[in-house]
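# Remarks on the overall topology
Listed here are the chains, written in short residue letters.
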Amino acid sequence: MTFATCLKSRHYPRLRLYWETMARNRIKFKYFTRSGIYISVRLLLLLLGAAFFGVFQTPAAHAAHTQASLVLASETVRPGETVMAGIHLRMESGWHTYWRNPGGSGMPTTINWKLPTGVTAGEIQWPVPEKLPADELTTYVYKDDVMLLVPITIAPNAPTGPLDLKAQVSWLECNMSCIPGKADVQTTLNVGAESKASANAALIETWRKKLPVAKPDLAAKAWWEKPASGDTRAIIFEWPGAGPAESADFFPFGDDKFEVLLKAEPQAGDGGKIRLKKEIKKLEGNWPEQISGLLVQQSGGESIAHEVALPIAGTGNQGAAAPSSAPAAKTLLLPVATGSTSLLKWLAYAFLGGLILNIMPCVLPVIALKILGFVNQGKKDPREVRKLGFIYGAGVLASFLVLAALVIGVQLVGHAASWGMQFQNPQFLVGMTVLVTLVALNLFGLFEITLSGRAMGAAGNLASKGGSAGAFFNGVLATALATPCTAPFLGAALGFAFTQPPVIIVLIFLTVGAGLAAPYVVLCWQPSWLKFLPKPGAWMERFKVAMGFPMLATAIWLFTLAAPNFGGSGELWLGLFLVLVAVIAWVWGEFVQRGRSRRGLAAGLSFALCFLAYAYVLEGQLHWRSPVSVAGNQSFRTSADGIEWGSWSPEAIQSARATGRPVLVDFTAKWCLTCQLNKKTSLEIPSVRAKLKEINAIALIENSSKKDATVVAELNRYQRAGVPLVLVYPRDPEAPPQVLPEVLTPGIVLEALEKAARQAPAISSAAANR
């Protein structure tokens, strides 16, 4: 079920957290040394790779209410035989895990096998689940314990001796809250001359009896009750019952184009057959022509289920029996549909989001540099202009490829990945602050470094130079500065990508990069359009200096993000370090590059200052490799008459909703420019403060600098890859929240609050009569 599907069905969005392996997918990089691009690639890896090691230290959420173990039906098997393995999940009282189709929320359990050569694992065989209805939200769950059965086949030529069978099991356990969990399980299977049952054989046989019954000749039928009217349509199921039925139901395998609703109405069947009426809600596309799932009958306290794949006949009582060889639907790695239409939609969102990033405040300083570059290029050969445009695009795409690899790597080790996560890493922030400061100083003319110069100034020089290296590095810099911003369409596209397999993550990220680079590539491909830009002249040097100021403003913003990570004296020592960087740049430019005497002395002084800045300030005083914890997510007011924000947590949400008051929740961060823009223009304003008081609403905020796994899971739940996320919960504690757009206006917020105030809890008839 896609995010759009969840919205259409008015259900809670599905939480999907997947840990996947890339053992068979290796990314190969080609490095280019011509025209200084090799330097740019190294700088790219230093900038974006610094965060890679830091984010791995983010704590992961672990489930504490489910125990997993791996058991076998046999302790010894012969070569060529198949043994039944069981993943036994035992939940504490009140907790549950999910079936292959979780329903309206949840996540199916997944098993990632690590088996010796010659040993293969089959598909998961799922016992019949329970249906857990909650108003209109239906989920299919296992309570107390469940054993997922998997056939393990040994190759005929397998040598005798012990085999270590290992697997990583991932699940979602829920009670009042949901926690993703995983465990590594293993056991030993002996290969010998004679088969021997294990002590767990009887337990596995017990769970085998709880699987759906395989009955190829089951005369089951399905047909539409009447022609379609609107988006909801009744469907009739009929099949021969196994004795008198106390109740009956149909558990669907799930499809993103339609949803089988909760209610099951028994109908009068012919000749002792069970007849059942369900309703299907169409979410997209045409009405289904086939439906797969379990026909479930309750008799004598036991569940009897048949797995079927039924063609749906038209209006009337005609229909065909399920094919005798109807295969079981395979467990998919994709948590949402990636059919051509759905995937194209998300790719379009990604491209539009990348395109809009060009006008977000994060990227504006780099745009100014590109305008200056275009003015320079207007007098060049059109083929050269086109080449530089494509190299700039390559810099953007290479950067987004690194970001995609970073996200995949974080997910592989079980941590929570989010958009802009490198801005939660203090070392990355320090590096970016120094880099952008050097770019600003270079634009001011303090120093000029050729491609053969020192690496200290290469970044600043590359960003302001023409040529291939400058074009490539501008693409790198644009991507690095774009990550703390989000844009319309971008949040939804990245939220989709972060729940997908690696190939889809890479595809979405590259599409965002294509959108970011598209205006410049198109303009370079049509050099004739450059004639509309001003002609080159003396004004360009002044314009270059002027462009140093927005770059310097960007450096100050990065400084405010980096300094708090190093304690109370962080601002002093980081500020002093940047002053020394500026002095080094000035000495280098004034006395080494432009000086006529004692240039060696000036160069020695520059290196001495570099050593002092790093060894004494960064390492000795700032301790930049050991940042302190930054307090976040605390209650506060932005001003005396500002909104009184409470601290967000799952427990705080539950408590606030129990009061029957509207709740405004803001997931934000200091490093997120879009978040700060929303706060200044649409949240912390008089009209919104007045509306919150008028409707007696509760305001909660999650503003931690580092987003832990619980926060990232909540963001992903609402199809967001990162902040901002603003939710407005209605007075009705059972109703889902409104998910506001990434970029807010006062009207959007006020309308959502007004709607939340009107949506009151339903009053039962008994209460109404009192």
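In this report, the structure presented in the accompanying data block is examined. (Residues numbered from 1 in each chain as written. Predicted model: local features only at pLDDT ≥ 70, side-chain atom pairs only at ≥ 80, totals over all residues. Heavy atoms only, no water.)

Moving on to the pattern of salt bridges. In the structure shown here, the tally under the stated rule is 14 salt bridges. The salt bridge involving E205 is made with R208; its shortest N-O contact spans 3.2 Å. One end of the pair, E205, and the other, R208, are both in helix α3 (residues 201–208), three residues apart, so they sit about a helical turn from each other. Overall, the relative accessible area of 36% leaves R208 in the partly exposed class. Residue K263 is joined to E265 by a salt bridge in which the shortest nitrogen-to-oxygen separation is 3.4 Å. One continuous salt-bridge network, built from bridges that share partners, spans K691, E694, E754 and R758. (Salt bridge = Lys/Arg side-chain N within 4 Å of Asp/Glu carboxyl O. Helix = DSSP H or I, 4+ residues; strand = E, 2+ residues; numbered from the N terminus. Buried < 20%, exposed > 50% of the residue type's maximum accessible area, 1.4 Å probe, protein only.)

In a beta sheet, neighbouring strands pair by backbone hydrogen bonds and run either parallel or antiparallel. Read across the open sheet, the five strands follow the order β21-β23-β22-β24-β25; overall the sheet is mixed. Pairing within the sheet leaves two strands with one partner each, and these edge strands are β21 (645–647) and β25 (738–739). As paired strands, strand β22 (residues 663–667) and strand β24 (residues 725–729) are joined by five bridges and run antiparallel to one another. Bridge pairing in β24 places D666 opposite V726. Seen against the sheet, helix α15 (residues 650–658) touches β21, β22, β23 (698–702) and β24 and runs at an angle of roughly 160° to β22. (Pairing = 2+ DSSP bridges. Contact = heavy atoms within 4.5 Å. Axes fitted to C-alpha atoms, helices over the stretch in contact; angles between N-to-C directions.)

Below, the discussion takes up the sheet that holds strand β6 (residues 119–121). Spatial strand order, β1-β3-β9-β6: four strands in an open sheet with antiparallel pairing. Looking at which strands have only one partner, the edges of the open sheet turn out to be β1 (66–72) and β6. When strand polarity is set aside, the average angle formed by the axes of neighbouring strands in this sheet is 25°. The pairing of strand β3 (residues 82–91) with strand β9 (residues 145–154) spans nine bridges and is antiparallel. By the bridge assignment, T82 is partnered in β9 with T153. On the sheet, α3 packs against β1, β3 and β9 and is oriented at approximately 105° with respect to β9.

Once that is clear, we can look at the nonpolar core. Membership of the largest hydrophobic core comes to 64 residues, with the highest contact counts inside it found for F400, V430, F509, L574, F577 and L622. Going through the elements one at a time, α4 (340–357), α6 (382–412), α7 (426–444), α9 (467–482), α11 (502–525), α12 (539–562), α13 (570–593) and α14 (599–622) are the ones with two or more residues in this core. Residues in contact with L622, not counting those within four places in the same chain, are F566, G570, W573, L574 and V617. If you look at the next biggest cluster of nonpolar residues, it comprises 46 residues, including L89, V169, F253 and L294. (Core = buried A, V, L, I, M, F, W, Y, C linked by side-chain atoms within 4.5 Å.)

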